[in-house]
Amino acid sequence: MSFAITGQNGFVSKLAAEGARSSLFEVIVSLKGQNILGAEDADNTFQYMCKGIQLPSQNLGVVLVNYFGRAIKLPGDRTYEDLTMTIINDEDHSVRNRLENWMNIMNGYSSNKRDSDTTRDDYTADLTIKTYNKDGSELLNGEAEWKFINCFPITVDQIDLAWDANDQVMEFTSTWVYDYWTHGAQVT
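Calculation notes
- Residues numbered from 1 in each chain as written.
- Predicted model: local features only at pLDDT ≥ 70, side-chain atom pairs only at ≥ 80, totals over all residues.
- Heavy atoms only, no water.
- Helix = DSSP H or I, 4+ residues; strand = E, 2+ residues; numbered from the N terminus.
- Buried < 20%, exposed > 50% of the residue type's maximum accessible area, 1.4 Å probe, protein only.
- Contact = heavy atoms within 4.5 Å.
- Salt bridge = Lys/Arg side-chain N within 4 Å of Asp/Glu carboxyl O.
- Expected span 1.5 Å × (residues − 1).
- Patch = residues over 30% accessible without salt bridge, like charges linked within 9 Å, V, L, I, M, F, W, Y side chains within 5 Å.
- Areas by Shrake-Rupley, 256 points an atom, 1.4 Å probe, with all protein chains shown as cover.
- Polar contact = N/O pair within 3.5 Å; in protein donor to acceptor, adjacent residues only side chain to side chain.
- Phe/Tyr/Trp six-rings, centres within 6.5 Å; stacked < 30°, edge-to-face > 60°.
- Core = buried A, V, L, I, M, F, W, Y, C linked by side-chain atoms within 4.5 Å.

A. Structural detail: the overall build of the protein. A count of helical and extended segments in the protein gives four helices and nine strands. Going from N to C terminus, the protein has its helices and strands arranged as α-β-α-β-β-β-β-α-α-β-β-β-β. A total of 188 residues make up the protein; the buried ones form 31% of that total. Partitioning the intrachain contacts of the protein with sequence separation of at least 6 by distance along the chain shows that 66% fall at a separation of at least 24.

B. Spotlight on the pattern of salt bridges. Throughout the structure, instances matching the rule amount to three salt bridges. The shortest N-O distance in the salt bridge between K51 and E171 comes to 2.7 Å. Separated by 120 residues along the polypeptide, K51 in strand β2 (residues 50-53) and E171 in strand β8 (residues 171-177) bring together distant segments of the chain. A relative accessible area of 45% means that K51 is categorised as partly exposed.

C. Focus on the side chain of T175. Turning to its location among the elements, T175 is positioned in strand β8. When near neighbours in sequence (up to four residues on either side) are disregarded, T175 contacts D82, L83, T84, F152, P153, I154 and T155.

D. Spotlight on helix α3 (residues 94-106). For α3, built from 13 residues, the straight-helix expectation of 18 Å at 1.5 Å per residue is met to within 8% by its first-to-last C-alpha distance of 19 Å. Within the sequence span of α3, burial applies to S94, V95, R96, R98, L99, W102 and M106.

E. Region of the structure containing a nonpolar patch on the surface. Taken together, the side chains of V63, V65, Y67, F68, I72 and L74 make up a nonpolar region of the molecular surface, amounting to roughly 630 Å² of accessible area. Broken down by secondary-structure element, the contributors of at least two residues to the nonpolar patch are β3 (58-67) and β4 (70-80). Ranked by the residues each element gives to the nonpolar patch, the list is headed by β3, at three residues. Assignment of secondary structure puts I72 in strand β4.

F. Structural context of the environment of N112. Structurally, N112 can be placed in the loop between α3 and α4 (120-123). A distance of 3.4 Å separates a polar atom in the side chain of N112 from a polar atom in the side chain of N107.

G. Layout of the packing of aromatic side chains. Tallied over the entire structure, the rule returns seven aromatic pairs. Between the aromatic rings of F148 and Y178, the centroid separation amounts to 5.0 Å while the plane-to-plane angle is 75°, which identifies the pairing as edge-to-face. Separated by 30 residues along the polypeptide, F148 in strand β7 (residues 145-156) and Y178 in the loop between β8 and β9 (180-183) bring together distant segments of the chain. On the numbers, 6.3 Å between centres and 40° between planes, the contact of F148 with W181 is tilted.

H. Geometry of the nonpolar core. In terms of nonpolar packing, the biggest core is built from 28 residues, with F46, L127, F148 and W176 touching the most fellow members. When residues of this core are traced back to their parent elements, those giving at least two are β1 (25-31), α2 (45-49), β2, β5 (83-88), α3, β6 (125-131), β7 and β8. Broken down by element, this core gets its largest block of residues, five residues, from β7.

I. Representation of unusual backbone geometry. The backbone of H93 shows a phi angle near 55°, a positive value even though the residue is not glycine. One can find H93 in the loop between β5 and α3. Unlike most non-glycine residues, D167 shows phi in positive territory, near 55°. Residue placement: D167 occurs in the loop between β7 and β8. According to the relative accessible area criterion, D167 is exposed, its value standing at 84%.

These figures capture arrangement, not role.
Now the structure itself:
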């Protein structure tokens with residue numbers, strides 16, 4: 001086996017599109033029911049302020065069935081890792097305030113309860129991560145798109161403030177849970 005860099009069977013030929021860029025993405029939140037984030041979110045502020053997010057790992061459980069001292073492994077249930085994203089905080093704190101208000105709808109700060117009129121559709125959203133080619137185009141059939149069903153935030157992390165943090169924009173992380181995710185043209 002040769003370690004060819006160029007040529008028909010070389011590394012460069014296999015990396016024909018020069019690799020996907022991790023910076024070419026956007027996150028779109030599609031709200032359900034009432035507009036949790038407020039009417040002002042019509043400008044899609046969130047997709048511009050979400051600076052980073054991870055595509056989750058896949059975890060398929062294993063069911064062990066023993067037969068005459070031998071363990072047979074069968075596929076089990078899928079589990080889903082939480083989504084963690086980094087969000088830029090603008091001076092109006094709009095995205096952070098909206099996330100805090102969203103979490104307050106699910107469990108009130110002082111009341112420690114949810115409004116009795118609030119249904120699951122009122123506090124969940126679908127979240128889509130799209131990645132793009134270097135020329136700005138999308139892949140056909142949504143092959144570079146992941147959709148997370150019934151999401152909601154469970155943490156809005158701290159923002160570190162410091163006098164020596166010159167030339168930096170505030171940012172914070174938020175963790176979201178969801179029921180399941182699909183990729184590309186998969187059937188939901």
